[in-house]
Amino acid sequence: MSDQAHIALLPCRAVVAVQGPDWRGFLQGLVTQDVETLAPGELRYGALLTPQGRLLFDLFILGRDEGCWLDCAAAGQGGLVERLRLYRLRAKVELTESGAPVAVAWGARPAETGWTADPRLAELGWRRYGASVDANASAGDYGAHALALGAPGPADWGADDTYPLEADFDLLNGIDFRKGCFVGQETTSRMKRRGRIKSRMLPIVFEGAAPAPGSELLAGSLRAGEALSGAAGRAMALVRLDRLDAGALTLGDGRPWRPDWPDWLKAGLAA
């Protein structure tokens, strides 16, 4: 890692405060991550799925002295609160849209206290909530850093279209398969037990501008996936792993592409 701390605010993320005497049991039956053992100051990664097992919201769950904070996509903050309220029924839980800022740091840990390690990958750095920071980088810089590491985000899975295992949640510490039931658990566990996920999100490299999200990727004459978010020379993609050897890999406009396997993804698929 670089010995310089890069710090950025993430206006694309927002916080939902969850508290009340029933908050642990309430969330435990909903999200993919274990919250029963979550300690104050501890950060875990998870998701809220549809009953059919598709991704709705990715969540960083920060333990607090009273309840927890859910770090979610800012565009989905209101939708997350609305969805949680549908599940609340008689549970004694308070849900509040917080204005607490979300900051990230990478390269080197900042000297200030309050930074918590990103639970997905050590190289993704640290997150901090509810405090002002001296930013020296932008959200775009952080996005480029995450893309370089091959870590997908909400821009890659859209709404209700993607299974969490396709978005590598099982390899990024986003699912606790030992915790018991959660919304969408049956489908998720069945896919895990079968052990063969046809499609995975991984970075691809190519020459020139990034293809438009949703653009077709080809292996010979076969569809091998689709491009997701990206930049010049590199993009995330949802790739059919079983078709990578089916022929020459080309974008829809004929440019060649190839997968750029992150070490964490190779190791996870080989395990």
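Residues numbered from 1 in each chain as written. Predicted model: local features only at pLDDT ≥ 70, side-chain atom pairs only at ≥ 80, totals over all residues. Heavy atoms only, no water.

A. Region of interest: the side chain of Ser-199. Among the structural elements, Ser-199 can be located in strand β10 (residues 199-206). With residues up to four places along the chain from it excluded, the contact list for Ser-199 reads Glu-166, Leu-238, Val-239 and Arg-240. (Helix = DSSP H or I, 4+ residues; strand = E, 2+ residues; numbered from the N terminus. Contact = heavy atoms within 4.5 Å.)

B. Local environment of the sheet that holds strand β3 (residues 43-49). Spatially, five strands are ordered β3-β4-β5-β2-β6 in an open sheet, and the strand pairing comes out antiparallel. The sheet terminates laterally at β3 and β6 (94-98), the two strands that pair on one side only. For this sheet, the mean angle separating the axes of adjacent strands, direction not counted, is 30 degrees. Where strand β4 (residues 55-63) lies against strand β5 (residues 68-73), four bridges are found, and the strand directions are antiparallel. Paired with Gly-63 across the strands is Cys-68, a residue of β5. Running at roughly 180 degrees to β6, helix α2 (residues 77-88) makes contact with β2 (13-19), β3, β4, β5 and β6 of the sheet. (Pairing = 2+ DSSP bridges. Axes fitted to C-alpha atoms, helices over the stretch in contact; angles between N-to-C directions.)

C. How the structure looks around the pairing of β4. Counted residue by residue, β4 has nine buried out of nine residues, so it is predominantly covered. Pairing of β3 with β4, which is carried by seven bridges, proceeds in the antiparallel orientation. Its bridge partner lying in β4, Leu-43 is registered against Leu-62. The hairpin turn running from β3 into β4, its antiparallel successor, is five residues long, and Gly-53 in that turn takes a positive phi close to 90 degrees. Where β4 folds back on β5, the antiparallel hairpin that results is connected by four residues, among which Gly-67 adopts a positive phi of roughly 85 degrees. (Buried < 20%, exposed > 50% of the residue type's maximum accessible area, 1.4 Å probe, protein only.)

D. Layout of the nonpolar core. Counting residues in each nonpolar core, the largest one holds 56 residues, and the members touching the most others are Tyr-129, Phe-169, Ile-204, Leu-217, Val-239 and Trp-257. Residue contributions to this core peak at five residues, all from strand β13 (residues 234-240). Ignoring any residue separated from it by four or fewer positions in sequence, one finds Leu-217 in contact with Ile-204, Leu-222, Arg-223, Ala-224, Gly-225, Glu-226, Ala-227, Ala-237, Val-239, Thr-250, Leu-251 and Trp-257. One finds Val-16, Val-31, Val-35 and Leu-95 within the second-largest nonpolar core, a separate group that totals 23 residues. (Core = buried A, V, L, I, M, F, W, Y, C linked by side-chain atoms within 4.5 Å.)

E. Up close: the layout of surface pockets. Quantified by volume, the largest pocket comes out at close to 590 Å³. Tyr-142, Gly-143, Ala-146, Gly-153 and Pro-154 are, among the 29 residues lining the largest pocket, the residues nearest its centre. Per-element tally for the lining of the largest pocket: the top contributor is helix α3 (residues 139-149), with eight residues. Its residues placed into classes, the lining of the largest pocket shows 18 nonpolar, five polar and six charged. Approximately 190 Å³ is the volume attributed to the second largest pocket. Elements supplying a minimum of two residues to the lining of the second largest pocket: α5 (185-194) and α6 (263-270). Tallied by class, residues from the lining of the second largest pocket come to seven nonpolar, two polar and three charged. (1 Å grid on protein atoms, 1.4 Å probe; cavity = no way out; pocket = protein on both sides within 12 Å on 5 of 7 lines; lining within 4 Å. Points joined across faces, edges and corners; volume = space filled by probe spheres on them. Nonpolar A, V, L, I, M, F, W, Y, C, P; charged D, E, K, R; others polar.)

F. Here's a closer look at the sheet that holds strand β9 (residues 126-129). Reading across from one edge, β1-β7-β9-β8 is the order of the four strands in this open sheet, with antiparallel pairing throughout. In this open sheet, the two strands that pair with only one neighbour each are β1 (6-9) and β8 (116-117). In this structure, β8 lies alongside β9, joined through two bridges in antiparallel fashion. The partner of Ala-117 across the bridge, within β9, is Trp-126. Sheet strands touched by α3: β1, β7 (102-106) and β9. Its angle to β7, the strand with the most contacts, is close to 55 degrees.

G. Layout of the packing of aromatic side chains. On inspection of all chains with the given rule, the structure shows four aromatic pairs. Their ring planes at 20 degrees and their centres at 5.1 Å tell us that Tyr-45 and Phe-169 sit as a pair that is stacked. Of this pair, Tyr-45 sits in strand β3 while Phe-169 sits in the loop between α4 (154-157) and α5, and the two are 124 residues apart along the sequence. Since its relative accessible area comes to 2%, Tyr-45 is described here as buried. By relative accessible area, Phe-169 is classed as buried at 1%. Members of the aromatic cluster, connected to one another through ring pairs, are Tyr-45, Phe-60, Trp-157 and Phe-169. Here the guanidinium or amino end of Arg-120 rests over the ring plane of Tyr-45, the centre of that ring lying 5.4 Å away. Taking the ring centre of Phe-60 as reference, the NZ or CZ of Arg-127 above it sits at 3.7 Å. (Phe/Tyr/Trp six-rings, centres within 6.5 Å; stacked < 30°, edge-to-face > 60°. Lys NZ or Arg CZ within 6 Å of the ring centre and 35° of its normal.)

H. Representation of empty space enclosed by the protein in the model. With the rule as written, the count across this model stands at one cavity of 30 Å³ or more. Taken together, Tyr-45, Arg-120, Pro-152, Trp-157, Ala-167, Phe-169 and Leu-172 make up the lining of the largest cavity. Of the residues in the lining of the largest cavity, the class split is six nonpolar, no polar and one charged.

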